[in-house]
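# Secondary and tertiary structure notes
Listed here are the chains, written in short residue letters.
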Amino acid sequence: MATRTPTSPEPPGAAQPKPLPPRRKSAVFIISAPSGSGKSTLVNRLLSSDPQLLFSISYTTRAPRGNERPGDSYFYISREEFEQRIARGEFLEWAEVFGNYYGTHQSVWERACREGKDLLLDIDVQGAAQLKQKIQDAVSIFVLAPSREILESRLRSRSEDSEEVILKRLAEAAVEIRNYHRYDYIVVNDDVEEAAATLLAIVRAERVRRERMEPRIRPILETFGEIL
Ligand code: ADP
Ligand code: 5GP
């Protein structure tokens, strides 16, 4: 008797694998914030509490900081290579921030859709505006520290930057904050637990928006005999 291999036909009556339920549309979540507001802290918490999120690893021309490793938060490339990639139209969005280029590669969105995940991007206000034009139902979230004084003390407590850089970041924050009205949601990062819970609530609620649920709903309606 021939041995059964995983590819041989199932004997009659054998249990068939259950087809996966149709999925809703993938969502895009953009998070922006002035440096020091706690964006990385909140993004890391969100990623560890929600495995359905795919973090978009950007390309940048800035040098790695501290113990940053290529492929963790960024792919580090030269200005020349970045400009070649711009010319080839490889970026979904890109911007110059603090004198360096940063960009999101087209393939990350395709990958999120293919893997049935939602995309999470940590990008600046210019990139957020570009992305909103390309992906209109992208959800944008702006994170704010509760005050300038608290932002300053967080920048200092992080002990990552020189006095000069801290003052530059505070001046940039005053400019960036004026763009808050372009965002769908504002999260004030006062208590970190509460801010993290609010972010997760936004992600969960946005996932079940009717427009995103259409592919998931249709087969359910069909079981009720609905003509669509
Ligand atoms: P960003 O990514 O926005 O630059 P970080 O996540 O690095 O900011 O946070 C800046 C500093 O503030 C870090 O030392 C972080 O631990 C701290 N921090 C973040 N959120 C809070 C919070 N809600 N309360 C107090 N400290 C916070
Ligand atoms: P940092 O160098 O501190 O990691 O990031 C500096 C700024 O660049 C942050 O505001 C961050 O959100 C933004 N940034 C990171 N990646 C991208 C990207 O791919 N596109 C855009 N437009 N901004 C980015």
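You'll find the structure just up there.
The structure reproduced in this document is the subject of the present report. (Residues numbered from 1 in each chain as written. Chains lettered and ligands numbered in written order. Predicted model: local features only at pLDDT ≥ 70, side-chain atom pairs only at ≥ 80, totals over all residues. Heavy atoms only, no water.)

Regarding its fold elements, the protein chain presents eight helices and nine strands. Evaluated residue by residue, the protein chain yields a buried proportion of 39% over its 228 residues. Contacts spanning at least 24 positions in sequence make up 66% of the contacts within the protein chain whose residues lie at least 6 apart. When the accessible area of the protein chain is evaluated, it comes to approximately 13,700 Å², of which 54% is carbon and sulfur surface. (Helix = DSSP H or I, 4+ residues; strand = E, 2+ residues; numbered from the N terminus. Buried < 20%, exposed > 50% of the residue type's maximum accessible area, 1.4 Å probe, protein only. Contact = heavy atoms within 4.5 Å. Areas by Shrake-Rupley, 256 points an atom, 1.4 Å probe, with all protein chains shown as cover.)

Taking strand neighbours across the sheet as the criterion, the five strands line up as β2-β7-β1-β8-β9 in an open arrangement whose pairing is parallel. Bordering the open sheet on either side are β2 (53–55) and β9 (185–188), each of which pairs with just one other strand. Each strand axis lies, on average, 25° off the axis of its neighbour in the sheet, ignoring direction. Judged from the four bridges that link them, strand β1 (residues 28–32) and strand β8 (residues 139–144) form a sheet pairing that is parallel. Residue pairing across strands places Ile30 opposite Ser140, the latter belonging to β8. Contacting β1, β2 and β7 (118–122), helix α3 (residues 106–115) crosses the sheet at an angle of about 155° to β2. (Pairing = 2+ DSSP bridges. Axes fitted to C-alpha atoms, helices over the stretch in contact; angles between N-to-C directions.)

The next subject is the side chain of His105. Within the fold, His105 resides in strand β6 (residues 100–105). Those residues in contact with His105 that sit more than four places away from it in its chain are Tyr59, Arg85, Glu90, Phe91 and Leu92.

Attention now moves to the pairing of β8. For β8, the buried fraction is high: six of the six residues fall into the buried class. Taking every second residue as pointing to the same face, both faces of β8 are buried, with Val139, Ile141 and Val143 on one and Ser140, Phe142 and Leu144 on the other. Alignment of β8 against β9, held across four bridges, turns out to be parallel. Residue Leu144 lies in a different strand from β9, and its bridge partner there is Val188.

The subject of this paragraph is the packing of helix α5 (residues 148–157) against helix α6 (residues 163–176). Geometrically, a packed helix pair is captured by the angle between its two axes and the distance between the axes. Packing of α5 against α6 leaves a shortest axis separation of 10 Å and a crossing angle of 145°. Where α5 crosses over α6, the two elements pack in a sense that is right-handed. Where α5 approaches α6, its residues Arg148, Leu151, Glu152, Leu155 and Arg156 are matched on the opposing element by Glu163, Ile166, Arg169, Leu170 and Ala173. Here the contact of α5 with α6 is built from residues that sort into five nonpolar, no polar and five charged. (Left-handed = near helix turned anticlockwise from the far one by under 90°. Nonpolar A, V, L, I, M, F, W, Y, C, P; charged D, E, K, R; others polar.)

A few words on the sheet that holds strand β5 (residues 91–97). Strand order in the open sheet formed by four strands is β4-β3-β6-β5, and the pairing between neighbours is mixed. At either end of the open sheet lies a strand with only one pairing partner, and these are β4 (74–76) and β5. Neighbour-to-neighbour, the strand axes of this sheet turn through a mean angle of 25°, independent of strand direction. Looking at chain direction, strand β3 (residues 58–60) and β4 are connected through three bridges and run parallel. Bridging across to β4, Ser58 finds its partner in Tyr74.

Moving on to the environment of Ser26. Mapped onto the fold, Ser26 is located in the segment before β1. Note on Ser26: relative accessible area 10%, which makes it buried. Ser26 sits 112 residues away from Ala138 along the chain, and the two C-alpha atoms are 9.9 Å apart. With near-sequence residues (within four places) excluded, Ser26 lies in contact with Trp109, Ala112, Cys113, Gly116, Lys117, Asp118 and Arg212. A polar contact is formed between the side chain of Ser26 and the backbone oxygen of Lys117, at a distance of 2.8 Å. (Polar contact = N/O pair within 3.5 Å; in protein donor to acceptor, adjacent residues only side chain to side chain.)

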